[in-house]
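Architecture and fold: a report
Here are the chains, one letter per residue:
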Amino acid sequence: MPSVRFRLNGAETEVDADPDRSLLDILRGHLGMSGPHFGCGAGECGACNIIVGDRAISACDTPLWSVADKDVTTIEGLGTSERPHPLQRAFIAEQALQCGYCVSGILMSAAALLRRNPSPTSREVKEALDRNLCRCGSHNRMVRAVLRAAEEMAAG
Amino acid sequence: MNQPAPPPSAPGLPVSLAANPKLSSWLKFSSSGQVTVSPGKVEIGQGIVTALAQIAADELDIDLSRVQMIRTSTAVSPNEGVTSGSLSIQQSGRALRHACAEVRQIFLQQAAERLGVGIDTLHIEDGIISGPGNVRTSYWELADEVSLDRNATPGVTPKIATSRTLAGHSAQRIDIPDKVLGRPRFIHDHALAGILHGRVLRPEHARAKLRELNEDGARAVAGLVAIVRDGSFAGVVSETEHGAEAALNALRKGATWSDGELLPDENDLANFLKAQPSESTVIGKKTAAALCAVARTIRRQYTRPYIAHASIAPSCAMARWDGDRVHVWTHSQGVYLLRADLALVLKLPVENITVEHLEGAGCYGHNAADDVALDAVLLAKSAGGRPVRVQWSRQGEMSDAPFGAAMAIEIEADLDARGAIIDWRHSIWSNGHAARPGRAAQPALLAAFELENPFPRMVSTNPPQANGGGGDRNSVPLYDFPSWHIESHRLITMPIRTSALRTLGGQGNVFAIESILDEIAAETGEDPVAFRLRHLRDERAKDVIRAAAVRAGWKPEKQPGIGHGIGFGRYKNTGAYCAAIAEIEGAEEINVRKLTLAVDVGEAINPDGVINQIEGGALQATSWVLKERVRFDRERITSTSWTEYPILRFSEVPDVEVEVIQRPDMDPVGAGEAAHGPVTAAIVNAVFDALGVRVRDLPITRDKIIAAMDLS
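Rules behind the numbers
- Residues numbered from 1 in each chain as written.
- Chains lettered and ligands numbered in written order.
- Predicted model: local features only at pLDDT ≥ 70, side-chain atom pairs only at ≥ 80, totals over all residues.
- Helix = DSSP H or I, 4+ residues; strand = E, 2+ residues; numbered from the N terminus.
- Buried ≥ 20, exposed ≤ 12 C-beta atoms within 10 Å, placed from the backbone.
- Contact = placed C-beta atoms within 7 Å.
- Rg over C-alpha atoms; globule rule 2.2 N^0.38 Å.
- Axes fitted to C-alpha atoms, helices over the stretch in contact; angles between N-to-C directions.
- Parallel < 35°, antiparallel > 145°, perpendicular 65-115°, else oblique.
- Left-handed = near helix turned anticlockwise from the far one by under 90°.
- Nonpolar A, V, L, I, M, F, W, Y, C, P; charged D, E, K, R; others polar.
- Pairing = 2+ DSSP bridges.
- Core = buried A, V, L, I, M, F, W, Y, C linked by C-beta atoms within 7 Å.
- Expected span 1.5 Å × (residues − 1).
- pLDDT = per-residue confidence, 0-100.

Concerning the overall build of chain B
- Check the secondary structure of chain B and you find 17 helices and 24 strands.
- Expressed as lengths along the three principal axes of its C-alpha atoms, the size of chain B is roughly 80 × 75 × 45 Å.
- Taken over 712 residues, chain B has a buried fraction of 55%.
- Of the contacts made within chain B by residues no fewer than 6 positions apart, 79% connect residues no fewer than 24 positions apart.

A word on the overall build of chain A
- Scanning chain A from N- to C-terminus turns up 5 helices and 5 strands.
- Ordered by position in the sequence, the α and β elements of chain A form the string β-β-α-β-β-β-α-α-α-α.
- Relative to a compact globule of 156 residues, whose C-alpha radius of gyration would be 15 Å, chain A shows 15 Å and is just as compact.
- Taken over the C-alpha atoms alone, chain A extends approximately 45 × 30 × 25 Å along its principal axes.
- For chain A, buried positions account for 56% of its 156 residues.
- Of the contacts made within chain A by residues no fewer than 6 positions apart, 61% connect residues no fewer than 24 positions apart.

Section: the packing of helix H2 (residues 86-93) of chain A against helix H3 (residues 103-116) of chain A
Residue and element names in this part refer to chain A.
- At a minimum axis separation of 10 Å, H2 and H3 run at an interaxial angle of 130 degrees. The pairing of H2 with H3 is recorded here as oblique in orientation. In this structure, H2 crosses over H3, and the sense of that crossing is right-handed. Across the interface between the two elements, Leu 87, Gln 88 and Phe 91 from H2 touch Val 103, Leu 107, Ala 110 and Ala 111 from H3.
- For the contact of H2 with H3, the per-class residue count stands at 6 nonpolar, 1 polar and no charged.

Quick notes on the environment of Arg 131 of chain A
All names here are of chain A.
- In this fold, Arg 131 is placed in the loop between helix H4 (122-128) and helix H5 (139-154).
- By the C-beta count within 10 Å, which is 18 here, Arg 131 ends up partly exposed.
- Sequence separation between Arg 131 and Ala 47 is 84 residues, and the spatial gap between their C-alpha atoms is 9.8 Å.

Details of the interface of chain B and chain A
- Across the boundary between the two partners, chain B contributes 44 residues, which contact 43 residues of chain A.
- Broken down by secondary-structure element, the contributors of at least two residues to the side of chain B that touches chain A are helix H5 (176-180), helix H7 (241-253), helix H15 (607-627) and strand E24 (655-660) of chain B.
- No other element matches the 8 residues that H15 of chain B contributes to the side of chain B that touches chain A.
- Looking at side-chain class alone, the side of chain B that touches chain A contains 18 nonpolar, 17 polar and 9 charged residues.

Focus: the sheet that holds strand E5 (residues 71-73) of chain A
All names here are of chain A.
- What the 5 strands build is an open sheet, ordered E2-E1-E5-E3-E4; its pairing is mixed. Single-partner strands in this sheet number two, and they are strand E2 (11-16) and strand E4 (55-58). Strand-to-strand twist of the sheet, defined as the mean angle between neighbouring strand axes without regard to direction, takes the value 40 degrees.
- Taken together, the 6 bridges between strand E1 (residues 3-8) and E2 define a ladder with antiparallel strand orientation. In the sheet register, Leu 8 faces E2, and the bridge partner there is Ala 11.
- Contacts between H3 and the sheet are confined to strand E3 (49-52) and E4, with E3 contributing the most and set at about 30 degrees to the helix.

Notes on the sheet that holds strand E2 (residues 35-37) of chain B
Residues and elements named next belong to chain B.
- What the 3 strands build is an open sheet, ordered E1-E2-E3; its pairing is mixed. Single-partner strands in this sheet number two, and they are strand E1 (27-29) and strand E3 (67-69). Taking each pair of neighbouring strands and ignoring which way they run, the sheet shows an average axis angle of 20 degrees.
- On the sheet, helix H2 (residues 48-60) packs against E1, E2 and E3 and is oriented at approximately 145 degrees with respect to E3.

Here we look at the nonpolar core
- With 259 residues, the main nonpolar core has Ala 56, Ala 376, Ala 580, Leu 597 and Val 599 of chain B as its most contacted residues.
- For Ala 376 of chain B, the residues in contact, after removing those within four places along its chain, are Gly 198, Ala 317, Met 318, Ala 319, Val 328, Val 388, Arg 389 and Val 390 of chain B.

Quick notes on the environment of Lys 22 of chain B
Residue and element names in this part refer to chain B.
- In this fold, Lys 22 is placed in the loop between helix H1 (15-19) and E1.
- Once the C-alpha coordinates of Lys 22 and Val 37 are considered, the two residues, 15 residues apart in sequence, prove to be 13 Å apart.
- The contacts of Lys 22, once residues within four sequence positions are left out, are Asp 149 and Asn 151.

Let's talk about the environment of Val 656 of chain B
- On the secondary structure map, Val 656 of chain B appears in strand E24.
- When the 25 C-beta atoms within 10 Å are taken as the criterion, Val 656 of chain B is described as buried.
- Each C-alpha atom, one on Val 656 of chain B and one on Ala 582 of chain B, is 9.4 Å from the other, the two residues being 74 residues apart in sequence.
- Ignoring any residue separated from it by four or fewer positions in sequence, one finds Val 656 of chain B in contact with Asn 140 of chain A together with Leu 595, Glu 615, Ala 618 and Leu 619 of chain B.

Some points on unusual backbone geometry
- Trp 554 of chain B connects to Lys 555 of chain B through a cis peptide bond whose omega is -10 degrees.
- Despite not being glycine, Asp 69 of chain A has its phi angle at roughly 65 degrees, a positive value.
- With respect to the element layout, Asp 69 of chain A can be found in the loop between E4 and E5.
- Residue Asp 69 of chain A is classed as exposed on the basis of its C-beta count, with 8 C-beta atoms lying within 10 Å.
- A positive phi is found at Lys 347 of chain B, a non-glycine position, where the angle reads about 55 degrees.
- Looking at the element boundaries, Lys 347 of chain B is found in the loop between helix H9 (335-346) and strand E16 (353-357).
- You can call Lys 347 of chain B exposed: it has 6 C-beta atoms within 10 Å.

Details of H2 of chain B
Residues and elements named next belong to chain B.
- Over its 13 residues, H2 extends 18 Å from the first C-alpha to the last, a length consistent with the 18 Å expected when each residue adds 1.5 Å.
- Within H2, 13 of the 13 residues are buried, leaving the element largely enclosed by the surrounding structure.
- Note on H2: the residue one or two positions beyond its end, Asp 61, has a positive phi of about 60 degrees.

Examining the confidence of the model for chain B
- Within chain B, residue pLDDT values average 95, and 98% of them lie at 70 or more.
- Predicted confidence is poor over residues 1-10 of chain B, with pLDDT under 50, and the contacts of this stretch with residues over four places away or in other chains come to 14 contacts.

Observations regarding the packing of H15 of chain B against helix H16 (residues 676-691) of chain B
Residue and element names in this part refer to chain B.
- In contact at an axis separation of 8 Å, H15 and H16 are set at 50 degrees when each is read in the N-to-C sense. The pairing of H15 with H16 is recorded here as oblique in orientation. Crossing of H15 over H16 shows right-handed handedness. Of H16, the residues touching H15 (which contributes Gly 617, Ala 618, Gln 620, Ala 621, Thr 622, Trp 624 and Val 625) are His 676, Val 679, Thr 680 and Ile 683.
- Considered class by class, the residues forming the contact of H15 with H16 number 6 nonpolar, 5 polar and no charged.

What to know about the pairing of strand E14 (residues 316-322) of chain B
Residues and elements named next belong to chain B.
- A large share of E14 lies buried, amounting to 5 of its 7 residues.
- Where E14 and strand E17 (residues 388-391) come together, 4 bridges link them in antiparallel fashion. Looking at the pairing, Cys 316 lines up with Gln 391 of E17.
- For E14 and strand E15 (residues 325-330), the ladder comprises 6 bridges, and the chain directions are antiparallel. Each residue of the ladder has a partner; that of Asp 322, found in E15, is Arg 325.
- Linking E14 to E15, which pair antiparallel, is a turn of 2 residues; within it Gly 323 sits at a positive phi near 65 degrees.

Pasting the structure below:
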């Protein structure tokens, strides 16, 4: 079995698996991660979004081979209980979810947005999250939380 | 009618406590300073666990952080039926408040004896019980000597509203940190040692039967543990999830199916619903003392399509057999009800089955959560005692789970010469809105219909009016019309599987009532807010309408292409009051710009939680109204992906403002389903205001608007 190497949340990682396998399957199956969630398997809902390089993509329709030698960040790499990312703090402060199944993917889309645009408008946040689905109707709270995190990060 | 809550000292136990009177089944104290609270209601993303923790901490006078909430399980929890119908705060909340009040009293009694002081001199602060002369003890010190293995008694008086310090205040939800930090919280993420993965094969065509199954391809897939077949039920068990998917694909290629059953014409739902055999029930009848002469009759028909629950997560369950006993992990809304149905299918006593809840994604009603649990149980039989995890596909979730029932609603209003409504007739044609497990002599679970010796397919029924009704929910007008006749026709055939979706028939009926009222007000040239206020007697109803109107600046000046509309309802006619005002923009495509809502849930235990639920309900209703419709041809469901079943996206979401009218002395009621009907009506009425066309057939798509323009 060929092996694929990449950096996962900063750690060098090597996976022996069919390189055509879905990255989500590898993350959840081989690597035992629970942050990226399976929602549709077709890149249509964003529940499994992760950051590769500096872009948020869906892991379910991304083949393993395509991340060879790249930086992969999942929600587990965004922040920790002790040091949560400003986005995570803001989502708690705004109580920006109901069931929360979509949230790990939404946080990754938002994190990628803030990396390339540290002070987005509300409209830009909505555009950045437009490929993420939320069924509970927590959209407005999530947009407020992203704006709050951006402000906090700008204030240092 | 303004119905005040019964005084807190009213005799009799709250219903959930009467059914589960043992105090220790609700809460336990540990000497280390914790209280474990064990409700029978489950977290489905609505924040109930936090609200219940607030109630317990408040009544016991302890810090919220000392409360540990126990997951519901048939092994330990009180049986509170199903978490549905916006009843959790009413049922679990009241039971817990009463139980905690009694437990507090029991501890005070014990403390008074131990400290040798009068019970009335004692005071509790964060669990420390202190009295005159600096004497003190605590719940934690007394925990081992106080037995709560006794039954609750009536006549206990919980705190009065003004003495509560947590209930009525927004507390941060206790489940949220895990969810934003990506820690395993969902059933999908729950790791069990030695877990195997299962997948079930289901036909593409509706209810087709499995004729032949060539297993060779599946047998060749690495990691295969078992192929299971029982009649038309077939599935695979594999060492890995990937292997299970691969084996399922191979099995599908080897399957030969019979023809399916004919589905209705998706473009002619009203006629289909009206033509089916049905059971008719008179829901409400009011007769006027003296009938005035009818000058004219306005007759309208409103329809809504089948709507999918469309949870973001596909349903998932795990099961592990140990001899003739089975343990099931599920995100079902009713662990005891699921257990009852599993017992029917497995022909086992319920004692052999333990059903434990783990959180799933939001379900919005009866989705495939229960179905997948039976799938896991059946597949796990071939797993040699190892646990089997089954997860449905997106396609399965969108086609095999029950849907919210399509509805055709006809209203006739007789007007007198002055335009006053003198008689009102409301008829509903719809499949039943409930086919939940655990309530009938036959199971409601999908696989049970597929076995070699199948159980008959359950045809959905409607809960009785006393429980809020089903297809007839919210069909009795809240308005003061002199006479009416309300009738519900429940289909007794069910080519498309239906069960409880948020509000059951409430959304459809409020849409119909609030639409025709708007039509009548428009014809008579009366302002729709004034028209409603004139026909209402209940001050709480009028208050939410007035509050929404004030907040939205009703009625904003007319601008081209912009419209405003109002909708009002009281969920189940006994629950939360809600008024919504929509501002929309559009011509052939509708953009909802803003929703302004006012809501009265009685005592709001966690006001921000109430706002979160109302906002969510408002946005979900916007999605239903603008976009959602289960699609099918005559053979199969075709809307099996997010492309074919689109829901509201971030770029399409309106601003939402919610005003909560706090009534701390009124019994609390749930908020999760209050907004759907009013928001639906408000959007439809705003479309009329903007475009002068009446869409009576949901969803309001471009085609429907063009069709309505052609009609007018």
